[in-house]
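Spelled out, the chains give:
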Amino acid sequence: MLTINQIRENKDEVIRLLKIKNFDASSIIEQILQIDLERRNLRQSLDNLQAEMNKTSEMIGKLFKEGKASEANLAKEKTGQIKEEIRLKNEAFSKAESDQHALLVLLPNTPNPSIVPGKSAADNEHIREGGKMITPNPSMIPHWDLAKKYDLIDFELGNKLTGSGFPVYKGKCAVLQRALISFFLDEATEAGYNEVMVPLMVNEDSGFGTGQLPDKEGQMYHATADNLYLIPTAEVPVTNMYRDVILNESDFPVRNTAYTPCFRREAGSYGKDVRGLNRLHQFDKVEIVRIEKPENSYQALEEMVSYVESLVQKLELPYRIIRLCGGDMSFTSAMTYDFEVFSAAQDKWLEVSSVSNFESYQANRLMLRYKPTGEKKTRLAHTLNGSALALPRIVAAILENNQTENGIKIPECLVKYTKFDFIN
RNA sequence: GGAGAAAUGGCAGAGUGGUCGAAUGCGGCGGUCUUGAAAACCGUUGUUCGGGCGACCGGACCGGGGGUUCGAAUCCCUCUUUCUCCGCCA
């Protein structure tokens, strides 16, 4: 979330930037500032009362020590009134604080000033494209039919075991999944990311830290008996490793990568985009997560984009890079690049990665700070993450784009992992 | 799952009702000494909120939450976590 200081000091700027996301913040911000003023007044008088109380208690202690019990008892009687005042002020202060917090949480992250406004995906900025484009032709078979033809993915079996959106990968396709995971992790390690393996369930604090809670509560699977959430992305546990952490400047760069399955309820998304591997409740993904000093975060974002680009290039997939417009960006992001690969038989661009800079929005929730060398004050760090990459749509594109009459060709870069170069 | 013990500053570890934000040691930082380093010695060393241009002043924080008390790291309740023993177990 945004900090109260950001809002207090740059009110108009914040309102202006949030308009880019089609969010009218003016009335919320007015309320916040009003509560903030009240809150600080209460804080001050509360502090004064407590100081008075401390002094009195200290005096009483001294009197008892000096054997002046009657004077001490007299002083004691006066404390009741101060105590009551403290109780009342404290109540009011707590209320102001929680009211303020409740309002702050409603504000999305401010987009980077260079973000174009826009209403929907149609207004996104096209950055560049690459790879060899494939012209779709009617003889191409969509991946769900290829999956059946070569016995690669059993959606019905997943239905039986769990429900829709939980496919069973079989034989060479199971191996292909494993190969992609290994390939992505090896590439990330090579690029300087530190591999970690993290819990697939997180607590409420973690969900709040990265911004899934409270607003996206309904999108996560919730194990209510233990109040734990199945992670929708490795971003949640990997970023939360740094919750309540104060980094030293020498700790940078902080770069982690993790493979995890991801679980998403996808509540409310029915319809045509859910066919085959296009949208699942459980899928595999390798994520890259960085923590940066504010002045380096946009350079880091560009590096991450280049890195993800190198992956789709090695996989020999036609791709395009898009920068999301204000209207299409997530609540928590300040700038997001999406990667889409072309899946020929569907004649469709499929989103396979989303790379974002959250600036200090998550860091403020996480209390993730760093201490610049030689300075006394801590500052909020910047957090970034990106998919590198999400598997199902990559698999869909590989199956569809690399199909031949006799089978499916495995991309060169994966052969050393799969130990086969053809599925038939 | 059952029984017991514990949780204090970056770490180790004192502190069982009254200047305790907290002894001491280690570590870190600065300095003296040294050609340089080590050793030794001296100094310094948490987070956070509010007020002030500022020197600075005040509040909060000893696992989390609540309570008793004029006053709590210290007493009580509760939750969480860790350790030891027993049981179960990939």
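Residues numbered from 1 in each chain as written. Chains lettered and ligands numbered in written order. Predicted model: local features only at pLDDT ≥ 70, side-chain atom pairs only at ≥ 80, totals over all residues. Heavy atoms only, no water.

Caption draft 1: Structural view of the overall build of chain A. When helices and strands are counted, chain A shows 13 helices and 18 strands. The dimensions of chain A, computed from C-alpha atoms along their principal axes, are 100 × 45 × 45 Å. In chain A, the proportion of contacts linking residues at least 24 apart, taken out of those at least 6 apart, comes to 74%. Counting only carbon and sulfur atoms, one obtains 50% of the accessible surface of chain A, whose full area is about 20,500 Å². Treating the 52 positive side-chain charges of chain A as one cloud and the 59 negative ones as another, the clouds have centres 2 Å apart. (Helix = DSSP H or I, 4+ residues; strand = E, 2+ residues; numbered from the N terminus. Contact = heavy atoms within 4.5 Å. Areas by Shrake-Rupley, 256 points an atom, 1.4 Å probe, with all protein chains shown as cover. Lys, Arg positive; Asp, Glu negative; His and termini not counted. Charge placed at Lys NZ, Arg CZ, Asp CG, Glu CD.)

Caption draft 2: Layout of the nonpolar core. Of all hydrophobic cores here, the largest spans 66 residues; its most connected members are Leu152, Leu180, Phe184, Leu315, Leu389, Ile394 and Leu414. The greatest single-element share of this core, amounting to 10 residues, is contributed by helix H7 (residues 171-190). Leu315 has contacts with Leu180, Phe183, Phe184, Leu389, Ile394, Ile398, Pro411, Cys413 and Leu414, leaving out every residue within four places of it along the chain. One finds Ile7, Leu49, Leu103 and Val105 within the second-largest nonpolar core, a separate group that totals 26 residues. (Core = buried A, V, L, I, M, F, W, Y, C linked by side-chain atoms within 4.5 Å. Buried < 20%, exposed > 50% of the residue type's maximum accessible area, 1.4 Å probe, protein only.)

Caption draft 3: Here's a closer look at the sheet that holds strand S14 (residues 369-371). On the basis of which strands lie adjacent, the open sheet formed by 3 strands has the order S8-S14-S15 and mixed pairing. Strand pairing shows two members of the sheet lacking a second neighbour, strand S8 (246-248) and strand S15 (379-380), which therefore form its edges. Examined bridge by bridge, S8 and S14 share 3 bridges and lie parallel to one another. Across the sheet, Ile246 pairs through a bridge with Arg369, a residue of S14. (Pairing = 2+ DSSP bridges.)

Caption draft 4: Just the pattern of salt bridges, in detail. Under the definition given, this model contains 21 salt bridges. With a shortest N-O distance of 3.5 Å, Lys170 and Asp154 are connected by a salt bridge. Linking Lys170 in the loop between strand S3 (168-169) and H7 with Asp154 in strand S2 (residues 153-154), this pair joins segments that are 16 residues apart in sequence. Of the residues examined, Lys170 reaches a relative accessible area of 26% and is grouped as partly exposed. Of the charged contacts, one joins Glu187 and Lys314 as a salt bridge, the two residues approaching to 2.7 Å between their closest N and O atoms. Placement of the pair is Glu187 in helix H7 and Lys314 in helix H10 (residues 297-314), with a sequence separation of 127 residues. Relative accessible area serves as the criterion here: at 17%, Glu187 is assigned to the buried category. Lys314 sits in the partly exposed class, given a relative accessible area of 37%. Linked by salt bridges that have partners in common, Arg8, Asp36, Arg39 and Arg40 make up one network. (Salt bridge = Lys/Arg side-chain N within 4 Å of Asp/Glu carboxyl O.)

Caption draft 5: Summary view of helix H4 (residues 69-104). Here H4 is 36 residues long and its end C-alpha atoms lie 51 Å apart, about the 52 Å a rise of 1.5 Å per residue gives. Helix geometry: H4 is bent most strongly at Lys78, by close to 25°. Buried within H4 we find Ala72, Ala75, Thr79, Ile82, Ile86, Phe93, Ala96, Gln100, Leu103 and Leu104. Where the residues of H4 are buried, they touch helix H1 (4-9) and helix H3 (26-65). (Expected span 1.5 Å × (residues − 1). Bend = angle between axes of the 7 residues up to and from the residue.)

Caption draft 6: Representation of the protein's contact with RNA strand B within the structure. Taken together, 22 residues lie near RNA strand B, and Gln50, Ser57, Arg369, Lys371 and Thr378 sit nearest. Taking the atoms of RNA strand B that fall within 4 Å of the protein, sugar and phosphate contribute 76% of them. Residue Thr79 places a side-chain N or O atom 3.4 Å away from a sugar or linking oxygen belonging to RNA strand B. Measuring from a phosphate oxygen of RNA strand B, one finds a side-chain N or O atom of Lys83 at 3.4 Å. The set of elements that each furnish at least two residues to the surface near RNA strand B consists of H3, H4 and S14. A total of 13 residues in the surface near RNA strand B trace back to one element, the largest contributor, which is H3. For the surface near RNA strand B, the class distribution of residues is 5 nonpolar, 7 polar and 10 charged. (Near = heavy atom within 4 Å. Polar contact = N/O pair within 3.5 Å; in protein donor to acceptor, adjacent residues only side chain to side chain. Nonpolar A, V, L, I, M, F, W, Y, C, P; charged D, E, K, R; others polar.)

Caption draft 7: A look at the layout of surface pockets. Taken as a whole, the largest pocket spans an internal volume of roughly 1,500 Å³. Mapped onto the lining of the largest pocket, the elements with two or more residues apiece are strand S10 (282-292), strand S11 (319-323), strand S12 (335-343), strand S13 (348-357), strand S16 (382-390) and helix H12 (391-401). With 8 residues, S13 is the single largest residue contributor to the lining of the largest pocket. Split into classes, the residues belonging to the lining of the largest pocket amount to 15 nonpolar, 15 polar and 15 charged. (1 Å grid on protein atoms, 1.4 Å probe; cavity = no way out; pocket = protein on both sides within 12 Å on 5 of 7 lines; lining within 4 Å. Points joined across faces, edges and corners; volume = space filled by probe spheres on them.)

Caption draft 8: Summary view of the packing of aromatic side chains. Within the structure shown, the criterion is met by 7 aromatic pairs. Between Phe331 and Tyr361 the ring centres are 6.4 Å apart and the planes differ by 80°, which places this aromatic pair in the edge-to-face class. One end of the pair, Phe331, is in the loop between S11 and S12; the other, Tyr361, is in helix H11 (residues 361-366), and 30 residues separate them in sequence. Look at Tyr361 and you get buried, because its relative accessible area is 1%. One aromatic cluster in this structure is built from Phe183, Phe184 and Tyr417. When the ring centre of Phe93 is taken as reference, the NZ or CZ atom of Arg43 above it lies at 4.7 Å. (Phe/Tyr/Trp six-rings, centres within 6.5 Å; stacked < 30°, edge-to-face > 60°. Lys NZ or Arg CZ within 6 Å of the ring centre and 35° of its normal.)

Caption draft 9: Molecular detail of a negative patch on the surface. Residues Glu204, Asp205, Glu217 and Asp244 make up a contiguous surface patch of negative charge. Relative to the assigned elements, Asp205 resides in helix H8 (residues 204-209). (Patch = residues over 30% accessible without salt bridge, like charges linked within 9 Å, V, L, I, M, F, W, Y side chains within 5 Å.)

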